[in-house]
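Close look at the chain arrangement
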Amino acid sequence: MLIKNIGVLVGIDGGDTHFKRGAEMKRLDLLESAWLRTEGERIEAFGLMPALPESRTDEKVIDAEGGCLLPSFCDSHTHLVYAGSREREFIDKINGLSYEEIAKRGGGILNSADLLHATSEEELFRQAMERVREITAMGTGCVEIKSGYGLTTADELKMLRVIARIAESSPLKVKATFLGAHAVGRAYSGRQSEYVDLVCDEMIPAVAAEGLAEFVDVFCDAGFFTVEETDKILCTAAKFGLRPKIHANELAVSGGVQVGTAHDALSVDHLERIGNEEIKILAESRTVATMLPGASFFLGMPYGPARRAIDSGAVVALASDYNPGSSPSGNMRMVMSLGCIKMKMTPAEAINATTLNGAYAMDESRDYGSITPGKIANFYLTRPLPSLDFYPYAYATPVIRRIFLKGKEIS
């Protein structure tokens, strides 16, 4: 495939940049008036229009008509496999109940676990694929999906099997994370330490035996799992080759950043409530600070301090947190715009945070997240834009015209 007359080719690099941190995030390399060629599933080359190569006899030629070409979004934190919805809790929030209060009443994650238990694996897959098609149409090409609405060994495995089936059935790149420690299952109410033992002694070995996940996650926060419990789970997971990507500091300064970085977590996610100590730790590590502005928007919580984290030298990614309770949307363009509007990121920083750094937060930046010869050809074309800054500025204006994943156009 040969794409010509690209107005702006965005997010190019030579292949030696796996993430950007601190001041590097302000740099967004691009070419104006460009072409791009793919070969099979991968990007072969790109260049300026005056040097447009002749088309090959077997090559499809596409005219971008002056639109921008951007790398597909890399959404490194989602929970998009779930049953039903939780709009009743939406009304509870409107009426003044907090996320913590809803959870204490037995709602939240436990409600989703009840629904998932009663839903067949086939129906769960059908519902999840609707969301997969939704995020694909909005420009996402690489996504992490967590379990965590099972809270029993059988139901956690059911979720992970659905995630594996999505990976086989969708053109998206899908990464699976085991999140058995999302909440304490109803059967273990009042016996949290026993539930942690279940996660360590039964769930993790079963997940590893079936090869269903690459990462492990723990909700290390006030009212959920302690630093000590998180440490125990991560130590057990390490024995089975599962790398940490953990929920941390959404509800309180929980110690989640410290325990995550101590275990060389690929990312610590949420971070709505972190101070200077946590920012310093992240700036001195290779652990990604993944912030989820969609959850802040939906729950009315503080936004993660992306500006301070970037200025301190951290690797910052933005993700959707797509889930039924606190962020029922996988719209990564909205996430990018919230990064600019609410977190004071520049458009270049927000694009890097939702593409290259998001890919790195899934250990996939060798193949995804930028326009680089040799990487997977995941990108999309927009209509012509007044400038690249218009993209996050006009956050609800439809601009995506054509989507390509693995070198093929997605209708």
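The notes below deal with the structure included here. (Residues numbered from 1 in each chain as written. Predicted model: local features only at pLDDT ≥ 70, side-chain atom pairs only at ≥ 80, totals over all residues. Heavy atoms only, no water.)

What follows is about the overall build of the chain. In terms of regular secondary structure, the chain is built from 15 helices and 16 strands. What you see for the chain is a C-alpha radius of gyration of 21 Å, in line with the 22 Å of a compact globule of 411 residues. Across its three principal axes, the chain shows a C-alpha extent of roughly 70 × 45 × 45 Å. Burial analysis of the chain (411 residues in total) assigns 60% to the buried set. Excluding contacts between residues fewer than 6 apart, the proportion of contacts in the chain whose partners are at least 24 apart in sequence is 72%. For the chain, the exposed surface amounts to about 15400 Å²; the carbon and sulfur share of it is 52%. (Helix = DSSP H or I, 4+ residues; strand = E, 2+ residues; numbered from the N terminus. Rg over C-alpha atoms; globule rule 2.2 N^0.38 Å. Buried < 20%, exposed > 50% of the residue type's maximum accessible area, 1.4 Å probe, protein only. Contact = heavy atoms within 4.5 Å. Areas by Shrake-Rupley, 256 points an atom, 1.4 Å probe, with all protein chains shown as cover.)

Our focus in this paragraph is the sheet that holds strand β8 (residues 173–181). With parallel pairing, eight strands are arranged side by side in an open sheet as β6-β7-β8-β9-β10-β11-β12-β13. The open sheet has two edge strands with one neighbour each: β6 (73–75) and β13 (316–318). The sheet shows a mean angle of 25° between the axes of neighbouring strands, direction not considered. Here strand β10 (residues 243–248) pairs with strand β11 (residues 267–270) via four bridges, running parallel. Note on β11: the bridge partner recorded for A248 is H270. (Pairing = 2+ DSSP bridges. Axes fitted to C-alpha atoms, helices over the stretch in contact; angles between N-to-C directions.)

Another aspect to go through is the state of the cysteines. If you walk through the whole model with that rule in mind, you get zero disulfides. The thiol of C220 is not disulfide-bonded; the next cysteine sulfur, from C235, is found 13 Å away. Overall, C220 belongs to the buried group, its relative accessible area being 1%. Free of any disulfide, C340 has its nearest neighbouring cysteine sulfur in C68, separated by 15 Å. (Disulfide = S-S within 2.5 Å.)

The next point concerns the environment of E123. Relative to the helices and strands, E123 is located in helix α4 (residues 121–137). Judged by relative accessible area, which is 25%, E123 ranks as partly exposed. Sequence separation of E123 and V162 is 39 residues, and the distance between their C-alpha atoms is 9.8 Å.

Below, the discussion takes up the nonpolar core. Of all hydrophobic cores here, the largest spans 99 residues; its most connected members are V81 and I166. Looking at this core element by element, the count peaks at eight residues for helix α6 (residues 192–210). In this structure V81 touches L124, A128, R131, I145, Y149, M159, V162, I163 and I166, once residues within four positions along its chain are discounted. Ranked by size, the runner-up nonpolar core spans 16 residues in total, among them M1, L9, A34 and F404. (Core = buried A, V, L, I, M, F, W, Y, C linked by side-chain atoms within 4.5 Å.)

As a further point, take the packing of helix α12 (residues 332–341) against helix α13 (residues 347–354). Packing of α12 against α13 leaves a shortest axis separation of 9 Å and a crossing angle of 140°. In terms of orientation, α12 and α13 fall into the oblique class. α13 is crossed by α12, and the crossing has right-handed handedness. Here α12 contributes M332, V335, M336 and C340 to the contact with α13, which in turn contributes P347, A350, I351 and T354. Partitioning the contact of α12 with α13 into residue classes produces seven nonpolar, one polar and no charged. (Parallel < 35°, antiparallel > 145°, perpendicular 65-115°, else oblique. Left-handed = near helix turned anticlockwise from the far one by under 90°. Nonpolar A, V, L, I, M, F, W, Y, C, P; charged D, E, K, R; others polar.)

Looking now at the packing of aromatic side chains. Applying the stated criterion across every chain yields a total of ten aromatic pairs. Judged by centre distance (6.5 Å) and plane angle (70°), the rings of Y82 and Y322 are edge-to-face. Taken as a pair, Y82 in the loop between β6 and α1 (87–94) and Y322 in the loop between β13 and α12 lie far apart in primary sequence, 240 residues in all. An identical accessibility class is assigned to Y82 and Y322; each is buried. Taking the centre distance of 5.7 Å and the plane angle of 65° together, the rings of Y188 and Y195 count as edge-to-face. An aromatic cluster is present here, built from F73, Y380 and Y391 joined pairwise through their rings. Here the basic side chain of R131 rests over the ring of Y82, its NZ or CZ set 3.5 Å away from the ring centre. (Phe/Tyr/Trp six-rings, centres within 6.5 Å; stacked < 30°, edge-to-face > 60°. Lys NZ or Arg CZ within 6 Å of the ring centre and 35° of its normal.)

Below, the discussion takes up the side chain of S76. Here S76 shows up in the loop between β6 and α1. Leaving out residues up to four positions away in the same chain, S76 has contacts with E144, K245, D269, T290, A319, G358, A361 and M362.

Before going further, it helps to examine a nonpolar patch on the surface. On the surface, F90, I91 and I94 cluster together into a nonpolar patch covering about 270 Å² of accessible area. Within the secondary structure, I91 is located in helix α1. According to the relative accessible area criterion, I91 is partly exposed, its value standing at 33%. (Patch = residues over 30% accessible without salt bridge, like charges linked within 9 Å, V, L, I, M, F, W, Y side chains within 5 Å. Salt bridge = Lys/Arg side-chain N within 4 Å of Asp/Glu carboxyl O.)

A separate point is the pairing of strand β3 (residues 42–48). Here strand β2 (residues 30–39) pairs with β3 via six bridges, running antiparallel. For R37, the partnering residue across the bridge sits in β3 and is A45. In sequence, β2 turns back onto β3 through a hairpin of two residues, with G40 there showing a positive phi of about 65°.

Right, let's talk about α6 for a bit. Between its terminal C-alpha atoms α6 stretches 26 Å, which fits the 27 Å expected from 19 residues at 1.5 Å a residue. Along α6, the sharpest kink reaches roughly 35°, centred on M203 and followed within four residues by the proline P205. Within the span of α6, buried status applies to Y195, V196, L198, V199, C200, M203, I204 and V207. Tucked into the core, α6 has its buried residues touching α5 (153–169), β8 and α7 (227–239). A positive backbone phi angle near 60° is found at G211, which sits one or two residues after α6. (Expected span 1.5 Å × (residues − 1). Bend = angle between axes of the 7 residues up to and from the residue.)

Turning our attention to unusual backbone geometry. One non-glycine residue, H270, adopts positive backbone phi at about 95°. One non-glycine residue, D363, adopts positive backbone phi at about 60°. Inspection of the secondary structure puts D363 in the loop between α14 (356–360) and β14 (379–382).

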